[in-house]
Amino acid sequence: MANDKIKLTGIIEEIFPGSKFKVKLENDVLITCTLSGKMKVNSIRVLPGDKVDVELSPYDLTQGIISYRHK
């Protein structure tokens, strides 16, 4: 029950100040995302067009956390 996250793949569409991103998911839905703590600590850069893994809460499907950037 503690890990009830939905994991999807998407592409970064737009970058906003404060490390917010607009991500287009594989099912053509646009959501707002932030970087995960591990990505901030390790200074992983995310640019428009990058393919990323996103974790969504089942309670709010409009916001997510970027957990991984594909190479």
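Residues numbered from 1 in each chain as written. Predicted model: local features only at pLDDT ≥ 70, side-chain atom pairs only at ≥ 80, totals over all residues. Heavy atoms only, no water.

Draft legend 1. Looking closely at the overall build of the protein chain. The helix and strand tally for the protein chain stands at one helix and five strands. Its helices and strands taken in sequence order, the protein chain reads β-β-β-α-β-β from the N to the C terminus. Taken against the 2.2 N^0.38 rule, which gives 11 Å for 71 residues, the C-alpha radius of gyration of the protein chain at 11 Å falls within 12% of a compact globule. Its C-alpha atoms give the protein chain principal-axis dimensions of about 30 × 25 × 25 Å. A total of 71 residues make up the protein chain; the buried ones form 27% of that total. Looking at the protein chain alone, contacts between residues at least 24 apart form 48% of all its contacts between residues at least 6 apart. Carbon and sulfur atoms provide 53% of the accessible area of the protein chain, an area that totals close to 5100 Å². For the protein chain, the distance from the average position of its 11 positive side-chain charges to the average position of its 9 negative side-chain charges is 8 Å. (Helix = DSSP H or I, 4+ residues; strand = E, 2+ residues; numbered from the N terminus. Rg over C-alpha atoms; globule rule 2.2 N^0.38 Å. Buried < 20%, exposed > 50% of the residue type's maximum accessible area, 1.4 Å probe, protein only. Contact = heavy atoms within 4.5 Å. Areas by Shrake-Rupley, 256 points an atom, 1.4 Å probe, with all protein chains shown as cover. Lys, Arg positive; Asp, Glu negative; His and termini not counted. Charge placed at Lys NZ, Arg CZ, Asp CG, Glu CD.)

Draft legend 2. Representation of unusual backbone geometry within the structure. Although it is not a glycine, S19 sits at a positive phi angle of roughly 50°. Along the polypeptide, S19 turns up in the loop between β1 (6–16) and β2 (20–25). By relative accessible area, S19 is classed as partly exposed at 27%.

Draft legend 3. Just the side chain of E55, in detail. Within the fold, E55 resides in strand β4 (residues 51–57). Although E55 lies buried, it forms no salt bridge, and the closest oppositely charged side chain, K7, sits 4.1 Å away as judged by the N-O distance. Among all residues touching E55, those that are not within four sequence positions of it are K5, I6, K7, G64, I65 and S67. (Salt bridge = Lys/Arg side-chain N within 4 Å of Asp/Glu carboxyl O.)

Draft legend 4. Representation of the environment of S36. Among the structural elements, S36 can be located in the loop between β3 (30–35) and α1 (37–41). For S36, a relative accessible area of 13% gives the class buried. Along the backbone, S36 and L25 are eleven residues apart, and their C-alpha atoms lie at a distance of 17 Å.

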